[in-house]
Amino acid sequence: MKDKIKQFLDSDTLEKYLIGTASQEEILQTERYIAMHPEVRDAYNELQENLEAYAKLYAIKAPAELKDQILNKVRREHVGRKKYYRLAIAASVAVLLSFGASFFFWDQNQSLQEENTIVNNKIDDLEETMRQQLEDVRNQFIVLQNPQTKKVSVKGNKKAKELKAVAYINPVKRLSYINVSKLPNLPEDQCYQMWAEVNGEMVNLGIIHEADSQEKLLALPYADKAISYITIEPKGGNQTPTVENIVANLAY
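Residues numbered from 1 in each chain as written. Predicted model: local features only at pLDDT ≥ 70, side-chain atom pairs only at ≥ 80, totals over all residues. Heavy atoms only, no water.

Undergrad: Can you break down the overall build of the chain residue by residue, with the values?
TA: Within the chain one finds six helices and eight strands. For the chain, the sequential pattern of α-helices and β-strands runs α-α-α-α-α-α-β-β-β-β-β-β-β-β. Within the chain, the fraction of its 252 residues that count as buried is 34%. Summing over all exposed atoms, the chain offers an accessible surface of approximately 16300 Å²; the carbon and sulfur share of this is 51%. (Helix = DSSP H or I, 4+ residues; strand = E, 2+ residues; numbered from the N terminus. Buried < 20%, exposed > 50% of the residue type's maximum accessible area, 1.4 Å probe, protein only. Areas by Shrake-Rupley, 256 points an atom, 1.4 Å probe, with all protein chains shown as cover.)

Now the structure itself:
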């Protein structure tokens, strides 16, 4: 009988039973041996505990590293043990790799969901940008075509004599735009920047360049008694205007 038990433990039937790959005949044989023989029952319990411990320890690890980590641990802790125990560890590896694969696909699914969210957010941002651009084009058309729009020429002072711009002010629609058609050349470490003083606050309108057409307009914040300025600033722009470098202004 002991020879049969040893032969059973030396086979992989117990491991196949635990991971669910045993045939119906092997299942019946294993359950009978577990019930009848303490050695087999102990081996089964040890195998089950080992499998659970490794599953808890490694189930969330990255799939690429999972196999090497388990095999290294097997080599360190189980050299010289009985064949059935080595087979038990092998079964653990198989199941853990299955767990690892499950986690990998779950992680991939999470990544796809995150990517889907990012794409949807980008679409929403694009739609909002397009909406704003369409609104701006509509407002420009209103300002340029409306007979109540006032057209004001803007010229530079002695620091930028060649500067030329045209502002379009519509007090009824409360819209204002400017077209900068000419900017004198500056050193590479400087730039032109536009500002608007609205209700006592200075608004940074950003770095400006020459418009490549008369229809290319820069929106100006509209307010009663607003004033816009063009200044010379260090390359990249400034957080506050350099007052001594004002080259043009527009009251509207």
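The structure having been displayed, the exposition proceeds.
Undergrad: An account of the sheet that holds strand β4 (residues 190-198) is requested, with residue identities and associated values reported.
TA: A sheet is described by the order of its strands in space; here four strands give the open sequence β5-β4-β7-β8, paired in antiparallel fashion. Edge strands, defined here as strands with exactly one partner in the open sheet, are β5 (201-208) and β8 (246-251). Strand-to-strand twist in this sheet, taken as the mean axis angle between neighbours without regard to direction, amounts to 25 degrees. Across seven bridges, the pairing between β4 and β5 is antiparallel. Paired with Met194 across the bridge in β5 is Gly206. (Pairing = 2+ DSSP bridges. Axes fitted to C-alpha atoms, helices over the stretch in contact; angles between N-to-C directions.)

Undergrad: An account of the sheet that holds strand β3 (residues 175-182) is requested, with residue identities and associated values reported.
TA: Pairing is antiparallel across the open sheet formed by four strands, whose spatial order is β1-β2-β3-β6. Here the strands that pair on one side only, and so sit at the sheet edges, are β1 (150-155) and β6 (218-220). This sheet shows a mean twist of 25 degrees between the axes of neighbouring strands, independent of strand direction. With six bridges connecting them, β1 and strand β2 (residues 164-170) associate as antiparallel partners. Within β2, the position partnered with Lys155 by the bridge is Lys164.

Undergrad: Go over the packing of aromatic side chains, please, and point to the residues and values.
TA: Applying the stated criterion to the full structure yields three aromatic pairs. Between Phe8 and Tyr33 the ring centres are 4.6 Å apart and the planes differ by 15 degrees, which places this aromatic pair in the stacked class. Here Tyr33 lies in helix α3 (residues 24-36) and Phe8 lies in helix α1 (residues 2-10), a separation of 25 residues in the sequence. With a relative accessible area of 4%, Phe8 lands in the buried category. Looking at Tyr33, the relative accessible area reads 11%, which means it is buried. (Phe/Tyr/Trp six-rings, centres within 6.5 Å; stacked < 30°, edge-to-face > 60°.)

Undergrad: Before we move on, can you summarise α3 with the specific residues and values?
TA: The end-to-end C-alpha distance of α3 is 18 Å, a good match for the 18 Å that 13 residues give at a rise of 1.5 Å each. Every buried residue belonging to α3 is among Glu26, Thr30, Tyr33 and Ile34, and all of these are buried. In a view along the axis of α3, the buried residues occupy a sector of 100 degrees, so they form one face of it. Exposed residues on α3 whose side chains face more than 90 degrees from its buried face are Gln24, Glu25, Ala35 and Met36. (Expected span 1.5 Å × (residues − 1). Arc of directions from axis to C-beta.)

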